[in-house]
Each structure stands twice: as structure tokens, then as C-alpha cells.
Amino acid sequence: MKVNFSNYKLLINNLIFLDGIGRSGKRLLSRVCTSLENFEQYEFIEFFENILPGVALKKVSLDFAKSIIITTFNELAYNKFIGRKLNFRPSDVTTVKNFKNKNIYEKRLIMPEGDIVIKKLKKSKNFFPYMLHDLMVNFHLIEKMNFNFKIIEIYRNPFDSVFSSYNRGWGTRFLDDPRNFSLSLKYKNSLVPWYIFGNEKKWLKMNPVERCTFNVLEMTNRQVKNHKRFQNNKKILTTSYENIVENTNKEISRICFFLKTKKTKYTEIMLAEEKCPKSIDRDKLEEKKKFIKSNITRTQYKKLEDLTKKYEKNIYNLYI
């Protein structure tokens, strides 16, 4: 007998994905968005970014993935509307303690649950934002699942991404760090990122800076290639870390227009905390380039330079 997984409808009217490769500026983007009108506090969504590679690698069926994705998003939204399973840890970036309207979640703790919550969700115009990694790489799979969402895709100068990734320890953390909660593959006696499938031996021989460079090159090229397939998709808005930092008001206006929302008094407070707008320190970028150049192969450096030149041409010609 054929198994047919459940196919509930998504309860959320405004599901928002804030996506980019690691160290591309998603935290800043998330802070911008959650300062806007009708936004809930953002959350990480590890299960979603981990199940899609399972589909891509043909280890998970598309119908199962769709069923569990929609069911889980519905559960997350339901729980958020009654104050259940929220993050109250003060030092975390996703804490509701730092949300623009933090009292709303404490009030929800005493709200009744049940069908009344479902009715509220169906009528709600609130935005439910989720931060994740590498969604664009598998965007074609999500499109096949046919549910409503919008995605803001953020890019960053590749040299900055490599340097930041190295500083965060991602040249070694994939190997044996139990706090690495991203999807890994087992290769002999080592763990490696899922996206280096087929290049495991080569990747393990690299030094930490070379690994970070490989990761950025691999995922950015996949990301851009797939993004261009869906460049005219109205669900997608392209931005960059540099544009948000340096052309702050213009980028926030673009985001507001895309989402059909507007700034609040908290937007200016958040921008003051982030010291935006501000100029990118070009001297520091040159220092990062020198460090990277001295720790990777000439071939890798040339690839990184070429990728950066493409990035500087209107964000891989994706910025509309």
C-alpha cells in the first residue's frame, strides 16, 4: 500500500525566510525586519535547512518533507501565539526579551489555547520571520512544495564571508564540534558538511582557511546559479550586507515595499544600536584579503577574486 503523508494547509499568511550563506549578515537583516510593523520575533529554523539537503541527496522524499515542514511551521506559529516554547534567554539574539514589543509574549502566556488560536492565526497579518542558511541552494525544491512564503536573500563580499567564517571556527568545527547543529556527512572517521559531498578527501586535506574558502566558493556559486533560475520570482528580494549598512534607508524602504509593511519607532532605535548607516572600513577589508591570501592556494585566491568581481557587479547581477 502506498503511504500518503498529510497535507495540511499553512496557517501563516506571512511566512518570511531570511536567508544567506553563513556569515553573510543575516543577524542584521533579521533585526531590521523585526523592527518593522506587524513582525513577530525571528527564530532560527534548523530543521528546515537540514531536511532540504536530505531531499536533494535523495534520502528524504519530497512529499514527506512538505508534510513535516508545513506541520512544523503551523505548530511553531500556534505555540508563538500562546507564548509556548519561546526563547527568554537574555543574551541570545533571538530572545523575546529584546523584541520591540516584548510584553506581548508574556501576555500570551495566559491566553486560552485551542481552536480560537487557529482562528486568530488564519486572520492574522503578522509576519513570522525565520533565519536560515543556504535555502536558495534548494529553492527549486521549496517551489515544488507549493506553499506561500517570501524570502529575502542577503549576500556579502566573499572575502568578508571567508574571514568571518574562519574567525567563528568553521574551518574545524564541522569535524568534531557537538555544537555544530548543521547537517553533516560521515566520511571514513570524519564528519564533513553535507555540501562537500564528492569532495570529502580533498576538503579534509585543506587547512582551516582553505576549508572556509572552499565552503564560501561552493555555496555562493550554487546559491547564485539557482537564484538566477528564479530571478524574476516575485517571492524573492535580493539585498546585501553592504547595502543595508551603507545605504540603510534605501534598503529598508525596499524591504518595506516588498513586504507591504512600514518602519516603526523601534526601527530607528535598532539602527542607532547597529550604528547604521555607516561606511565599510576598506582598510580592514584589505587586511583580511592579505591574511586569506597568505593561507590559501593561488588557485583558490584567484577564484575568490573572480567571485568578488562578479559580486561587485550589482550583486551578481541579481540586484533589481
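Residues numbered from 1 in each chain as written. Predicted model: local features only at pLDDT ≥ 70, side-chain atom pairs only at ≥ 80, totals over all residues. Heavy atoms only, no water.

### Overview of the overall build of the protein chain
- A tally of regular secondary structure across the protein chain gives 16 helices and seven strands.
- Expected size for 320 residues packed as a compact globule is a radius of gyration near 20 Å; at 20 Å, the protein chain falls within 12% of this value.
- Taking the principal axes of its C-alpha atoms as reference, the protein chain extends roughly 60 × 55 × 40 Å.
- Per-residue burial over the protein chain gives 52% buried out of 320 residues.
- For the protein chain, contacts bridging at least 24 residues in sequence account for 77% of all contacts bridging at least 6.
- Counting only carbon and sulfur atoms, one obtains 51% of the accessible surface of the protein chain, whose full area is about 16900 Å².
- Taken as two groups, the 61 positive and 34 negative side-chain charges of the protein chain have centres that lie 4 Å from each other. (Helix = DSSP H or I, 4+ residues; strand = E, 2+ residues; numbered from the N terminus. Rg over C-alpha atoms; globule rule 2.2 N^0.38 Å. Buried < 20%, exposed > 50% of the residue type's maximum accessible area, 1.4 Å probe, protein only. Contact = heavy atoms within 4.5 Å. Areas by Shrake-Rupley, 256 points an atom, 1.4 Å probe, with all protein chains shown as cover. Lys, Arg positive; Asp, Glu negative; His and termini not counted. Charge placed at Lys NZ, Arg CZ, Asp CG, Glu CD.)

### So, the pattern of salt bridges
- Under the counting rule described, the total for this entry stands at 17 salt bridges.
- One salt bridge connects Glu-40 with Arg-108, and the closest N-O pair in it is separated by 2.9 Å. Note that Glu-40 is positioned in the loop between α1 (26–34) and β2 (43–44) and Arg-108 in helix α4 (residues 103–108), a separation of 68 residues in sequence.
- Exposure remark for Glu-40: the relative accessible area of 2% places this residue in the buried category. (Salt bridge = Lys/Arg side-chain N within 4 Å of Asp/Glu carboxyl O.)

### Here we look at the sheet that holds strand β4 (residues 150–155)
- Pairing in this open sheet of five strands is parallel, and the strands run β2-β3-β1-β4-β7 from one edge to the other. The outermost strands of the open sheet, each flanked by one partner alone, are β2 and β7 (236–240).
- Of the pairings in the sheet, the one linking strand β1 (residues 14–20) to β4 comprises four bridges and is parallel in character. Among the inter-strand pairings, Ile-16 is bridged to a residue of β4, identified as Lys-150.
- The sheet strands contacting helix α10 (residues 208–229) are β1, β4 and β7, and the helix crosses β4 at an angle near 140 degrees.
- Against the sheet, helix α12 (residues 248–259) contacts β1, β3 (127–133), β4 and β7, and its axis sits at roughly 170 degrees relative to β7. (Pairing = 2+ DSSP bridges. Axes fitted to C-alpha atoms, helices over the stretch in contact; angles between N-to-C directions.)

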